[in-house]
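The residues making up each chain are set out below.
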Amino acid sequence: TTTTSLIASIFQNTKIDPTIINGGIINSINNIIIGTINNSFLPSDINFVIKLVMAIKPIITEPNKILRQKSIEVESVGKEEQKLMDDMLDTMYDANGIGLAAIQIGVPKRIIVMDIAKNEEKRSPLYFVNPVIKNKNSELSTYEEGCLSVPNYFAEIDRPKKCDVEYLDYNGEKKILNAEGLLATCIQHEMDHLEGVLFIDYLSKLKKTMIIKKLSKQKEKPDRIIV
Ligand code: GNR
Ligand code: NI
């Protein structure tokens with residue numbers, strides 16, 4: 001059988017989905033990724049090749065005013081929203097996160113993706129458009145939370161142990177989720193993002209200020225110094 005080389009370097013910030021190319025040779029050199037794929041796999045349709053490519057977007061980190069924006073309700077789940085959800089999921093997996101709100105990649109839409117499954121092989125993505133919490137348990141539970149927009153900082157946060165969430169799924173269908181445990185914690189963390197709220201907002205002013213100061217100093221540091 002013949003193989004065809006896929007050269008993804010023409011797409012910036014792209015990776016070939018490792019779950020699609022199985023057994024192929026994948027070389028990653030910075031943003032230039034070259035993969036080979038069995039020809040029997042590859043229809044003549046160029047759109048298929050484009051679908052093999054993932055879009056990993058930069059994640060916005062604190063301090064940044066964008067993260068404080070209130071996200072806007074989506075009118076309907078169309079192609080644009082589905083592409084956004086695909087990009088968000090790729091970005092989230094690449095960053096080893098379990099959830100991501102659209103605002104974290106700079107899009108102020110009320111869209112969240114999540115995957116709390118530990119198993120990397122069996123992905124179980126969840127998509128939430130316009131989520132609304134219908135019911136909150138008065139009982140609280142504590143989780144050590146982190147946030148991709150607050151890199152390397154973790155803190156124990158109390159939130160309602162259970163909640164019911166009404167939302168539209170990837171296909172725009174109305175769904176209700178009865179969440180508890182990590183799922184409930186994560187969806188509440190993500191829904192805070194839609195309101196411009198971060199987990200550090202629940203900490204003491206002293207801790208919060210310290211974290212923001214350290215993150216802002218880190219941003220000033222250049223990655224490379226050429227002398
Ligand atoms: O990856 C993440 N882990 C996590 C752990 C405990 C509670 C919430 C989270 S969400 C976070 C990803 C993120 O920043 N989502 O907005
Ligand atoms: Ni977060």
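This section reports on the structure supplied with the text. (Residues numbered from 1 in each chain as written. Chains lettered and ligands numbered in written order. Predicted model: local features only at pLDDT ≥ 70, side-chain atom pairs only at ≥ 80, totals over all residues. Heavy atoms only, no water.)

Within a sheet, adjacent strands bond to each other through the backbone by hydrogen bonds, running parallel or antiparallel. Pairing is antiparallel across the open sheet formed by five strands, whose spatial order is β6-β7-β8-β11-β12. Because the sheet does not close on itself, it has two edges, and the strands there are β6 (99–101) and β12 (174–180). On average, each strand axis in the sheet is tilted by 40° relative to the strand beside it, whichever way the strands run. When β6 meets strand β7 (residues 111–114), the two strands line up antiparallel, connected through three bridges. Bridging across to β7, Leu100 finds its partner in Val113. Along the sheet face, helix α2 (residues 79–94) touches β6, β7 and β8 (126–136) and points at about 40° away from the line of β7. (Pairing = 2+ DSSP bridges. Helix = DSSP H or I, 4+ residues; strand = E, 2+ residues; numbered from the N terminus. Axes fitted to C-alpha atoms, helices over the stretch in contact; angles between N-to-C directions. Contact = heavy atoms within 4.5 Å.)

Given a rise of 1.5 Å per residue, 16 residues ought to cover 22 Å, and the 23 Å separating the end C-alpha atoms of α2 matches this to within 8%. By the burial criterion, the buried members of α2 are Glu81, Gln82, Leu84, Met85, Asp87, Met88, Leu89, Asp90, Thr91, Met92 and Tyr93. Asn96 sits one or two positions beyond α2 and adopts a positive phi of about 60°. (Expected span 1.5 Å × (residues − 1). Buried < 20%, exposed > 50% of the residue type's maximum accessible area, 1.4 Å probe, protein only.)

Another point: the environment of Pro160. Structurally, the position occupied by Pro160 is in strand β10 (residues 150–160). Using a relative accessible area of 15% as the deciding quantity, one classes Pro160 as buried. Residues contacting Pro160, with those up to four places away along its chain left out, are Lys136, Asn137, Glu139, Leu140, Ala184 and Gln188.

On to unusual backbone geometry. In the segment running from Glu62 into Pro63, the intervening peptide bond is cis, with an omega of -10°. As for its placement among the helices and strands, Pro63 is situated in the loop between β5 (53–55) and α2. Notably, Asn130 is not glycine yet its phi reads approximately 50°, a positive angle. By the secondary structure assignment, Asn130 is in strand β8. Residue Asn130 is classed as buried on the basis of its relative accessible area, which comes to 13%. Unusually for a residue other than glycine, Asn152 sits at a positive phi of about 75°. Its place among the elements puts Asn152 in strand β10. Note on Asn152: relative accessible area 61%, which makes it exposed.

Surveying the vicinity of ligand 1 reveals the residues Gly97, Ile98, Gly99, Gln104, Glu144, Glu145, Gly146, Cys147, Leu148, His189, Glu190 and His193. Between ligand 1 and Gln104, the relevant distance is 2.8 Å, taken from an oxygen atom to a side-chain nitrogen or oxygen of the residue. Taking 380 Å² as the accessible area of ligand 1 by itself, protein coverage stands at 90%. Those elements giving two or more residues to the shell around ligand 1 turn out to be β9 (140–147) and α3 (182–194). For the shell around ligand 1, the element with the most residues is β9, which contributes four residues. Considered class by class, the residues forming the shell around ligand 1 number three nonpolar, six polar and three charged. (Near = heavy atom within 4 Å. Polar contact = N/O pair within 3.5 Å; in protein donor to acceptor, adjacent residues only side chain to side chain. Areas by Shrake-Rupley, 256 points an atom, 1.4 Å probe, with all protein chains shown as cover. Nonpolar A, V, L, I, M, F, W, Y, C, P; charged D, E, K, R; others polar.)

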